[in-house]
Each structure stands twice: as structure tokens, then as C-alpha cells.
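Remarks on the overall topology
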Amino acid sequence: MGSTTYFITTNARYVPLLPEIDPKKIVMRRDMRFGPDDHVLWPRRYCDKFCHLPAIPKAPTSPRGQREFGIIWWNPTPSDFVCPASGLTLTRGLGRLDGKQFTKLANLCNVLVDEYEQKYVKTLPVGTKPVLLSVQLVQRLRFSLERLRIPSTYVRMVLGVTTVQREYLELTGFLRYMTKYKPRLEDIEDPSAHRAYPDDCIGCFTDNPRIAQLCWKACLPCWLFRPLTAFADEYIWKVVAPFRLTTFLETKPAGGFSPVAADPENIDDRPYLVHRCTENTPWYRNPFQVSTPSAPAAGASAANTSTGAGPSQAQEVKVLARAAPSRNVSESARIRGKPSPSKAEKEIRGLNCNAKPARDKFLTFDRPEMPTTITPWAAALAAIDRGRPPSCGIDLPQLYVLPEPALLASPEDESRRRMFYHHYQLMRDALMYRLADHNQRPEPLATQQWRDILQGKVTKQGKAGSRAQARTASLEDLLRPAFIACGIDALTEFPVPLETIPPLHVHRTKELLWELAEINFRYEFLALDARASGLDRPDDCRKCFAGDSLIGMDFRESQRGLAALTAMDRLPYLLCMAGIMRDWSVPCQRPHQIDDACGHTEWDASAVRYLEQGIAQYYTQSFYELFARAAVIPMRLEHEIAS
């Protein structure tokens, strides 16, 4: 407020100046924050819509507070941006937040979300839902934290960190207001309240004496605007020099970010605009999602043998209407309207004596560099009833979000396997980035396409007009946007000459293959749930996995969750899966132990293993019925994982 009009009184021992804002726009600043408009870093006018903002904590000043919470106000530097080791990837300009700093952020965020669940959500009266804003803040915090796992540019990494910090601070303010300050306003006695010394919160400005009184009652800092004419009649305890925002916060605009238009008539709604500026929608999108109306599967009118209520089989068993752009001969013939060769026609032509027997993907692939299989899952996959066609009724193309792990390990020739591993390592970050790129849907690819990629056939090549040329051209179209975003501008580097490919330690191959198995499994689990339940609930599904993420997993997760060695450590994840599966409507019988798990209270190792067998059996059979192929199942790493 202008110094000729008002002065400010306060119950605090300092006075910040009301920030000067541009009423018509919000501007990103060079530190990837919003300067005067950043409501978590500087007090603003009190607003009933955002009554929790005054409770947002201030930056700590004590050494202990700095150690415990300083990361929330910390500014990343280029030294915190970790790029991949040279020679292990072709990505340029991409990296991730340093693991130690990420762990500090993640630990604080996880503690806060747990506190939100325990101290707020579980204490609400029966039938009362949490405030919608709080649900949105929790969801955004989870999404923002998970995005920090994905390779990005330095600027995007810094923006990701500041977004996590902002959402953490606002959620903290909301939780404090609901559990501490609101009870004080309702006259619930709090022995920790000392109204002469307000709590370490950012507080608010107001010209309403009633709001100032309420803030005083709650022990929240508040600065009251008063007419300058009243100055002589007021008791002034002390005159202090005000704090200027420019002394503490970055105000210079950031390059490359367009201003966001704001309504000057709705100044109070600016926090909504800041939310929208940094809003992180779920980066997960179902690659197997049907893009056109689904067709009923063969036998869809038959009685559903699954127990429990749910949508009918005709509604839920879907056909993948949009396949990958390049396919093998039978797939291409089907798309052109020509029938694929029948079994009888193939027999008339005779067998190709030089053809290598097809690998049975329902059986464990035995190769030294393969991770260890988890026995109940491998047994369930091998036991699938393949005596009849899958219930989806057609020969669906076998599509994967990343190459199937055994595909890299399957070549008999050791140099060819080495080439597959090396090419995958070089493209790994770009392929992960492609899955998380919000500009395009992460379209799954067929086995032959992934084989071409592992061979380095990522640019248009082959005889003019041939299927091979068409296939590689389509691969280049699919992959180039992600490669360009990752700084890979010379696709001609592929394939890498065999003589230049370094050897790879068996532990590293196991880690690469475990990661491929785990990411494929997690994406496939979410896709199967969406198709079998008709629900869109990736957040619920991710609770079934160690680490609660889909990409950028810690290799230590290979010995946790479903891969934990002890049955009791696996139980929480199995119970989550059982709860999810009870909503599935699929044309196969659901094992009774899945339904019984809901009311089971006393568990021992034997009961856990019995539940695990039923879950693995139901999952693998359901996936076969709805996707017409073997599911990729979770695996385990048994060598020591460095921390």
C-alpha cells in the first residue's frame, strides 16, 4: 500500500512489504519460481478461499531446521544435475536430480503425505470427504516428485524441484491449518499457543480488524493496514524498516517462458493460476488404450465365470483397434483386409527347414544374464490354459512398451547379444523419455520393431519399396521426436560397429533386463486393470509396486515388493493386488483366495504363498485372455545392489 495512505501494525517483530504485482499477468522468474506471485514464499492478502496460506511455514533459520527442512527452500545448481556416464548413452543435455538430493525431497514428501492421511483424512467424521484442494495438492505432489525421476533438461529439472517444494509447502500449510490453527480458532485449548510470539509461518496482510484478531488468536503473523491519519492516535511499540521482497526473492524474468494472462478483477484467484502454471497431470498414459469403439469378443454373450459384481464381459473384453504402424507379414495382411495364411495353407507350402523354432514366451528363458524368476509367477505363466484361443477372439499383435527382456538375451551368437545390450543402453534414456513425453502417446511396438531397434535399424534403410524399408522408416518417425528432445541428432551412429562395443558385466545385463521386465510388468498391470475393470485408477494400481512408480526405479526395488525374499514382506503388495483384482470382470475363474483375502486377519508364510499363487494365476490367465499373449512377469536381482 502507498506510504501516503496506510501504515502497518503487526503482532510479529518484523514487517514485510506487500508485494507489487502485475495485475494482468504472472511471470516465471529465473529461479523457476514466481517472485511476487509465489504465495508460498511471501505473505499475501488474506482470502477466504485460501485461508490456509498464512499457515505456510517460513524458511528455518536454526542449524537444525536447516539440516532437516532446508531442502524445501534450496536452489538447485548445475552441480546437482547428474548426466549419464559418457559412452553409456547418446542422450545429450539430459540428466536427473542428484540422487542424494532427490532422496531428501522424497523422504520429506512421503512423511508429509503419511501425516496428511493419518492426522487429517482418517480423523474426518464418517461420510465426510477431504477438502478437494487438499486432494489435488497431494496428487500434484506425487506426480511432481515422480517426474523428477525422468531424464530432463537442466531447466526442467530445476522447475521440477521448485514445483515439488511449492506443493510441499502449500500442503504443509493446509495440514497445519486444519489440525492446529483451526482448532485454536474454535477455542480448543492448545498449551503450545503463545499469542505474543506468533508461529514461524509466512502470515498474511489484511485491512479487516476481525481477520487480524483471528490471526492473533491462532498465533499466525498478520499485518493490518491502517490509515496514516490514525498514526498519531495509535500506540506504536516500535518502528522498524520493512523487508523488501527484492532482497529475498528473484524477480528477473526467466527466458523461454511466456507470461500467463491474469484477470485484474480477480486478484484473490491468483493462487489458482499458479497452480495451473505448474500443474502436473499424470504423465502415465495407457499405451494399450483402445482409440476406437471396441468390438465384442467371441463368446461375449456367454455367462461370466468370474465371481463378484462388475461390467459384463461384452463391455469389458476389448479389441485393440489401433496397432503399431509397422507389423509382420500376417499383421500387415490383416490390416490391408487380406486374410493371413491359414494353418492348412502353411502346411501345403511345406516347412522351412532353416527356420529357428519360435521361443515359447510362456516358459522361463534360461540364460546366465537373465534375472532370477519369481517361482509362483513363472509357474502360473507356464500353466496357462492355451488349449483354446484367448477370449478376445482375434490374433492381436504382440505389442510391448519396451522390448521384452528375453529378446535381448535370446540371440545364440554372443556378439549379437552384446550388440543388443549396447544399443539398448545407448537409447535407454530416450526410450524412457518417450514413455513420459506429454506431447505424444507412448505407442507400444511389436516384437519385430523392437528387434530392429536393438539391431540399430532406427533410420530408413533397406531395399526401396520393401517391407524392411517401410518398417525402419516408420521406426524413425516414431523415435526421432524423443531422440531430438534428448539431444540425439545423429541417428547415423547406428548400428555401432561390433568391434567397438565394450564387454558388459553380467550384473549389468541382469540389471538392464530386470528393469525392462519390471517396467513392462507395471505398464501391463495398469493396462490389464483398465481393461478388466473399466476403471481409470493408476494411483491405486501403483501401490501394488515397490517404490510406487513406473519409470526411473531404484535397482534396490528388485529385492522389495513382490520380489521380497520373505513372504510377510510381500504381503502388503499382494493384498493391494487382491483388492484391485476383485473389481475385474474377465472370462476366467477368479481363485477364491483373492476374495477371501479381504476378511483374512491372521497371516502366516504358508497363507501368503497360497494367496500369491492365486494372484499370479489369475493375473497371467487374465492377461492372456484379454491381450492374447504371455504377460511379462516380475523378476528379482540376487546380486548385491550398491546404494
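Predicted model only: the values in this text are computed from it and were never measured.

Some words on the overall build of the chain
Assigned secondary structure in the chain consists of 20 helices and 12 strands. A total of 643 residues make up the chain; the buried ones form 50% of that total. Counting contacts in the chain only where the partners sit at least 6 residues apart, residues at least 24 apart contribute 79% of the total. Accessible area of the chain: about 31000 Å², with a carbon and sulfur share of 54%.

Side note on helix 2 (residues 99-120)
With 22 residues, helix 2 should cover 32 Å at 1.5 Å per step; its first-to-last C-alpha distance of 31 Å lies within 8% of that length. Every buried residue of helix 2 is listed here: Gln-101, Phe-102, Leu-105, Ala-106, Leu-108, Cys-109, Leu-112, Val-113, Tyr-116 and Tyr-120. Buried residues of helix 2 fall within an arc of 165 degrees about the axis and therefore sit on the same side. Projecting away from the buried face of helix 2 at angles above 90 degrees are the exposed residues Lys-100 and Val-111. Close packing links the buried residues of helix 2 with helix 1 (63-69), strand 5 (96-97), helix 3 (132-147) and helix 4 (154-185). Taking the backbone nitrogen of Lys-100 as reference, a side-chain oxygen 3.1 Å away marks Asp-98 as the first, capping residue of helix 2.

Focus on the pattern of salt bridges
If you walk through the whole model with that rule in mind, you get 33 salt bridges. Where Asp-429 meets Arg-96, a salt bridge forms, and the shortest distance between an N and an O atom there is 3.6 Å. Taken together, the residues Asp-429 in helix 13 (residues 414-436) and Arg-96 in strand 5 connect sequence positions 333 residues apart. For Asp-429, a relative accessible area of 5% translates into the label buried.

A few points about the packing of helix 14 (residues 447-454) against helix 15 (residues 467-485)
Between two packed helices, the angle of one axis relative to the other and the distance separating the axes together describe the packing. Where helix 14 meets helix 15, the axes come as close as 11 Å, and the angle between the chain directions of the two elements is 80 degrees. The angle between helix 14 and helix 15 places the two elements in the roughly perpendicular class. Counted together, Gln-448, Gln-449, Asp-452 and Ile-453 of helix 14 and Arg-471, Ser-474, Leu-475, Leu-478 and Leu-479 of helix 15 form the full contact between these two elements. Residue composition of the contact of helix 14 with helix 15, grouped by class: 4 nonpolar, 3 polar and 2 charged.

A short note on the pairing of strand 7 (residues 222-227)
Where strand 6 (residues 204-206) meets strand 7, 3 bridges bridge the pair, whose relative direction is parallel. Paired with Phe-205 across the two strands is Trp-223, which belongs to strand 7. Between the parallel elements strand 6 and strand 7, the chain passes through helix 5 (residues 209-218) in a crossover that is right-handed.

Considering the packing of helix 16 (residues 506-533) against helix 20 (residues 605-627)
The contact between helix 16 and helix 20 brings their axes to 10 Å, and the two run at 70 degrees. Classified by the angle between their axes, helix 16 and helix 20 sit roughly perpendicular to one another. Handedness of the crossing formed by helix 16 with helix 20: left-handed. Contact residues: Phe-521, Glu-524, Phe-525, Ala-527, Leu-528, Arg-531 and Ala-532 in helix 16; Tyr-619, Ser-622, Phe-623, Leu-626 and Phe-627 in helix 20. Looking at the contact of helix 16 with helix 20 residue by residue, the class counts come to 9 nonpolar, 1 polar and 2 charged.

Quick word on unusual backbone geometry
Phi is positive for Asp-187, close to 65 degrees, though the residue is something other than glycine. For Asp-187, the location among the structural elements is in the loop between helix 4 and strand 6. Residue classification places Asp-187 among the exposed positions, given a relative accessible area of 59%. Backbone geometry places Ala-628, a non-glycine residue, at a positive phi of 60 degrees. On the basis of relative accessibility, which here comes to 13%, the residue Ala-628 falls in the buried class.

Rules used in this analysis
- Residues numbered from 1 in each chain as written.
- Predicted model: local features only at pLDDT ≥ 70, side-chain atom pairs only at ≥ 80, totals over all residues.
- Heavy atoms only, no water.
- Helix = DSSP H or I, 4+ residues; strand = E, 2+ residues; numbered from the N terminus.
- Buried < 20%, exposed > 50% of the residue type's maximum accessible area, 1.4 Å probe, protein only.
- Contact = heavy atoms within 4.5 Å.
- Areas by Shrake-Rupley, 256 points an atom, 1.4 Å probe, with all protein chains shown as cover.
- Expected span 1.5 Å × (residues − 1).
- Arc of directions from axis to C-beta.
- Polar contact = N/O pair within 3.5 Å; in protein donor to acceptor, adjacent residues only side chain to side chain.
- Salt bridge = Lys/Arg side-chain N within 4 Å of Asp/Glu carboxyl O.
- Axes fitted to C-alpha atoms, helices over the stretch in contact; angles between N-to-C directions.
- Parallel < 35°, antiparallel > 145°, perpendicular 65-115°, else oblique.
- Nonpolar A, V, L, I, M, F, W, Y, C, P; charged D, E, K, R; others polar.
- Pairing = 2+ DSSP bridges.
- Right-handed = clockwise from strand over helix to strand, strands pointing away.
- Left-handed = near helix turned anticlockwise from the far one by under 90°.

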